[in-house]
Amino acid sequence: MLKYVFHIGAIMFSLIFMLCMNGLFLAHFSDTTSYEKTIANLSLENQRNLLEIEMQEIEMQEFKQEVADIIPEYSNAPKDYSGRQLASVLGGYVNPPIDESLSKILLRRAKSLYNEKDFVKAKKALKKYITKYPHSTFVPESYLMLLNIEFKNKNYEQTMKYIDKLVSSYPDNEITAYGLLVLGEIMERQERIEDASVLYKTIINSFEIKQVQRKARKELKNIGLDDL
Amino acid sequence: MKIFLKAVLIFFAFTLEITIHAQIIKSPEACNGENESCVIKNISDKTQSYQFENMNLRLGKGAILRISFGELKLLTGEFFVECLATCMMSALYIDKIQVNLGSLYFRANVHKNEILGISGDIVHKVKSHGRFVLLPTMLQTVEKGNLLGSKTEMPHVISDLQIKSRLSHLTKNSKQLIQSLSKQRRHTIDALAEVNKQIINRKINNHKDTVKRKKIQKKQYGDESYRLRLLFRKKNSVY
């Protein structure tokens with residue numbers, strides 16, 4: 001009797017073992033778990049973005065409420081200019097922070113594409129961002145990513161166009177300095193050593209950013225014109 | 001046989017895969033709410049529980065709250081708040097909510113806040129409208145205002161059906177709660193009637209006072225006018 005029980009147990013164990021192994025095998029080779037994880041992560045990221053947008057609206061309402069609380073103390077019917085300006089925030093349907101938040105999401109997506117080296121999609125996303133939000137504070141950064149993509153694709157002419165845009169629109173921006181360093185590298189590749197040397201010296205003199213100055217000095221040393 | 005079972009159990013333990021699905025998200029992620037401000041949201045389709053100091057909170061689908069330097073602010077969505085001691089919180093249009101050993105239901109969106117007393121002592125303050133005491137089954141709505149701040153009216157008592165529609169998906173023991181609220185409704189109505197009576201009496205007295213004051217003022221004005229006329233006539237010998 002004990003022998004039979006043992007046999008049945010052994011058969012059941014083997015069956016369960018086989019089923020589990022089959023499950024593990026399928027799970028391992030079908031790669032569904034990794035997709036599930038990716039979907040879960042993306043969904044979580046999406047929820048975070050949604051929360052960010054909702055909070056922008058709530059914070060705007062909080063601000064309006066604070067103004068509404070202050071105004072009666074200030075004056076029930078504000079007649080002077082400053083009073084009217086303060087009261088004007090209570091009305092209107094346009095919500096600039098939401099737009100700002102959306103712009104951040106778009107830029108974040110473009111950045112992640114850039115970091116994943118999906119340059120075709122990143123280029124498209126960055127161009128879309130610059131067209132849609134031309135006054136955003138992140139436009140120089142977008143131009144830098146775009147010029148880096150073009151530089152990596154050895155499309156020097158387009159790279160120089162982006163650098164030109166940076167120099168003309170954001171001459172004092174730190175990012176412009178990084179753009180100019182790329183221009184120096186292009187000049188080196190085109191064997192315009194003297195032009196590159198002048199450019200590096202200009203960068204050192206114009207931008208007080210240690211990292212940039214160090215890089216420019218290093219490049220000057222490499223081309224053998226480090227007489228600074 | 002025992003060894004066999006143990007082996008099976010161990011085997012299963014190794015093949016188990018634990019997947020954690022996020023139900024509540026925090027922003028920023030590693031935020032404790034004591035030294036900084038953090039936002040909490042229920043991202044699941046079901047009601048979720050959340051504990052904060054001496055409060056048990058039930059967060060409805062999509063409910064958002066903020067903990068800022070140890071202070072709780074209910075922002076949007078539905079909440080069932082249970083206080084085990086004295087708790088303080090606020091909302092977008094309610095400046096202060098104080099609950100002492102009790103519970104409340106709260107619903108909010110960016111235009112309106114709604115607060116329903118369930119049990120215990122609940123007092124809340126709306127700027128430029130003063131303090132309100134909420135007894136069980138009493139509901140008050142505070143709306144987004146204009147230049148004069150938030151808009152609100154006196155709290156009113158709501159029916160079992162209205163309470164059920166609010167609580168059924170938030171708490172597991174909504175049936176018992178509704179039953180107990182049903183018993184307390186009579187007392188709340190009486191108390192509310194008394195408060196309303198006092199307010200109306202105060203208004204009537206105020207009106208009476210105003211009428212009396214105006215009558216005195218009118219008489220004083222008439223007397224003064226008569227005195228001046230007499231003085232004028234005497235001075236100019238107009239008789």
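Residues numbered from 1 in each chain as written. Chains lettered and ligands numbered in written order. Predicted model: local features only at pLDDT ≥ 70, side-chain atom pairs only at ≥ 80, totals over all residues. Heavy atoms only, no water.

Caption draft 1: Focus on the confidence of the model for chain A. For chain A, the mean per-residue pLDDT works out to 80, and 81% of the residues sit at or above 70. Helix H3 (residues 81-88) of chain A is the least confidently modelled element of chain A, averaging 60 in pLDDT, while helix H6 (residues 139-152) of chain A averages 91, the highest of any element. (pLDDT = per-residue confidence, 0-100. Helix = DSSP H or I, 4+ residues; strand = E, 2+ residues; numbered from the N terminus.)

Caption draft 2: A look at the packing of aromatic side chains. All names here are of chain A. Overall, the coordinates contain six aromatic pairs over all chains when judged by the stated rule. Judged by centre distance (5.5 Å) and plane angle (45°), the rings of Tyr-129 and Tyr-133 are tilted. A relative accessible area of 0% means that Tyr-129 is categorised as buried. (Phe/Tyr/Trp six-rings, centres within 6.5 Å; stacked < 30°, edge-to-face > 60°. Buried < 20%, exposed > 50% of the residue type's maximum accessible area, 1.4 Å probe, protein only.)

Caption draft 3: Main features of a positive patch on the surface. Residue and element names in this part refer to chain A. A grouping of Arg-109, Lys-124, Lys-128 and Lys-132 is seen on the molecular surface, where their side chains present a positively charged patch. It is helix H5 (residues 119-132) that contributes the most residues to the positive patch, three residues altogether. Considering the arrangement of structural elements, one finds Arg-109 in helix H4 (residues 96-115). (Patch = residues over 30% accessible without salt bridge, like charges linked within 9 Å, V, L, I, M, F, W, Y side chains within 5 Å. Areas by Shrake-Rupley, 256 points an atom, 1.4 Å probe, with all protein chains shown as cover. Salt bridge = Lys/Arg side-chain N within 4 Å of Asp/Glu carboxyl O. Lys, Arg positive; Asp, Glu negative; His and termini not counted. Charge placed at Lys NZ, Arg CZ, Asp CG, Glu CD.)

Caption draft 4: View of the state of the cysteines. Residues and elements named next belong to chain B. As enumerated under the stated definition, the model contains one disulfide over all chains in all. In this model Cys-83 forms its disulfide with Cys-87; the gap between the sulfur atoms is 2.1 Å. Residue class for Cys-83 comes out buried when judged on its relative accessible area of 5%. Since its relative accessible area comes to 1%, Cys-87 is described here as buried. (Disulfide = S-S within 2.5 Å.)

Caption draft 5: Layout of the nonpolar core. Counting residues in each nonpolar core, the largest one holds 44 residues, and the members touching the most others are Leu-72, Leu-74, Val-81, Met-89, Ile-97 and Phe-106 of chain B. In terms of residue count, the dominant contributor to this core is strand S6 (residues 71-83) of chain B (six residues). If we skip the residues at most four places from it in the chain, Met-89 of chain B touches Met-55, Leu-72, Leu-74, Val-81, Cys-83, Asp-95, Lys-96, Ile-97 and Val-99 of chain B. Residues Val-139, Leu-181, Phe-207 and Leu-220 of chain A belong to the second largest nonpolar core, which totals 39 residues. (Core = buried A, V, L, I, M, F, W, Y, C linked by side-chain atoms within 4.5 Å. Contact = heavy atoms within 4.5 Å.)

Caption draft 6: Broad picture of helix H10 (residues 210-223) of chain A. Residue and element names in this part refer to chain A. The end-to-end C-alpha distance of H10 is 20 Å, a good match for the 20 Å that 14 residues give at a rise of 1.5 Å each. Inspection of H10 places Val-212, Gln-213, Ala-216, Glu-219, Leu-220 and Ile-223 among the buried residues, and these make up the whole buried set. All buried residues of H10 fall inside an arc of 125° around its axis, so they share one side. For H10, the exposed residues set more than 90 degrees away from the buried face come down to Lys-210, Gln-211, Arg-214, Lys-218, Lys-221 and Asn-222. Along its buried surface, H10 packs onto helix H8 (174-189) and helix H9 (193-206). Gly-224 occupies a position one or two residues after H10 and carries a positive phi of about 80°. (Expected span 1.5 Å × (residues − 1). Arc of directions from axis to C-beta.)

Caption draft 7: Molecular detail of the pattern of salt bridges. Using the criterion set out here, one finds 16 salt bridges over all chains in the structure. Across the pair Glu-114 of chain B and Arg-166 of chain B runs a salt bridge whose closest N-O atoms are separated by 2.8 Å. Within this pair, whereas Glu-114 of chain B is found in strand S9 (residues 112-126), its partner Arg-166 of chain B is found in helix H2 (residues 160-167), the two being separated by 52 residues in sequence. For the pair shown, Glu-114 of chain B and Arg-166 of chain B are each scored as buried. For Lys-219 of chain B, the salt bridge is made with Asp-223 of chain B, and the minimal N-O distance between the two is 3.5 Å. On the criterion of helical spacing, the pair formed by Lys-219 of chain B and Asp-223 of chain B is a turn pair, its members being four residues apart in helix H3 (residues 174-235). Residue classification places Lys-219 of chain B among the exposed residues on the basis of a relative accessible area of 57%. Taking relative accessible area as the criterion, Asp-223 of chain B reaches 43% and is therefore assigned partly exposed. Linked by salt bridges that have partners in common, Glu-59 and Glu-62 of chain A together with Arg-66 and Lys-73 of chain B make up one network.

Caption draft 8: Highlighting a nonpolar patch on the surface. Residues and elements named next belong to chain A. Where nonpolar side chains cluster on the molecular surface, the patch consists of Tyr-4, Ile-8 and Met-12 and spans about 360 Å² of accessible area. If you trace the backbone, Ile-8 turns up in helix H1 (residues 2-30). Residue Ile-8 is classed as exposed on the basis of its relative accessible area of 51%.

Caption draft 9: Main features of unusual backbone geometry. All names here are of chain B. In this chain, Ser-27 is followed by Pro-28 through a cis amide linkage whose omega measures -5°. Mapping Pro-28 onto the fold places it in the loop between strand S1 (24-27) and strand S2 (37-42). A positive phi angle, near 45°, is found at Glu-53, a position not held by glycine. Within the fold, Glu-53 resides in the loop between strand S3 (48-52) and strand S4 (55-59). Judged by its relative accessible area of 62%, Glu-53 falls in the exposed class. Despite not being glycine, Thr-137 shows a phi value in the positive range, around 75°. With respect to the helices and strands, the residue Thr-137 is situated in the loop between strand S10 (130-134) and strand S11 (138-146).

Caption draft 10: Here's a closer look at the side chain of Gln-140 of chain B. Residue and element names in this part refer to chain B. One can find Gln-140 in strand S11. A distance of 2.5 Å separates polar atoms of two side chains, one belonging to Gln-140 and the other to His-124. Contacts of Gln-140, omitting those with residues within four sequence positions, involve Asn-113, Glu-114, Ile-115, His-124, Phe-132, Leu-134, Thr-152, Glu-153, Met-154 and Pro-155. (Polar contact = N/O pair within 3.5 Å; in protein donor to acceptor, adjacent residues only side chain to side chain.)

Caption draft 11: Quick peek at H5 of chain A. All names here are of chain A. Look at H5: 19 Å from first C-alpha to last across 14 residues, which is about the 20 Å you get at 1.5 Å a residue. Every buried residue of H5 is listed here: Phe-119, Ala-122, Ala-125, Leu-126, Tyr-129 and Ile-130. For H5, the angular spread of the buried residues around the axis is 135°, confining them to a single face. Facing away from the buried surface of H5 by more than 90 degrees, the exposed residues are Val-120, Lys-121, Lys-124, Lys-128, Thr-131 and Lys-132.

Caption draft 12: Local environment of the pairing of strand S8 (residues 96-108) of chain B. Residues and elements named next belong to chain B. Bridge count between S6 and S8: six bridges; the pairing is antiparallel. Bridged to Glu-78 within S8 is Arg-107. Here four bridges tie strand S7 (residues 86-91) to S8, and the two strands are oriented antiparallel to one another. Bridge assignment links Thr-86 to a residue of S8, and that residue is Asn-100. Note that S8 and S9 share 11 bridges and pair antiparallel. In the strand pairing of S9, Gln-98 is matched with Val-123. (Pairing = 2+ DSSP bridges.)

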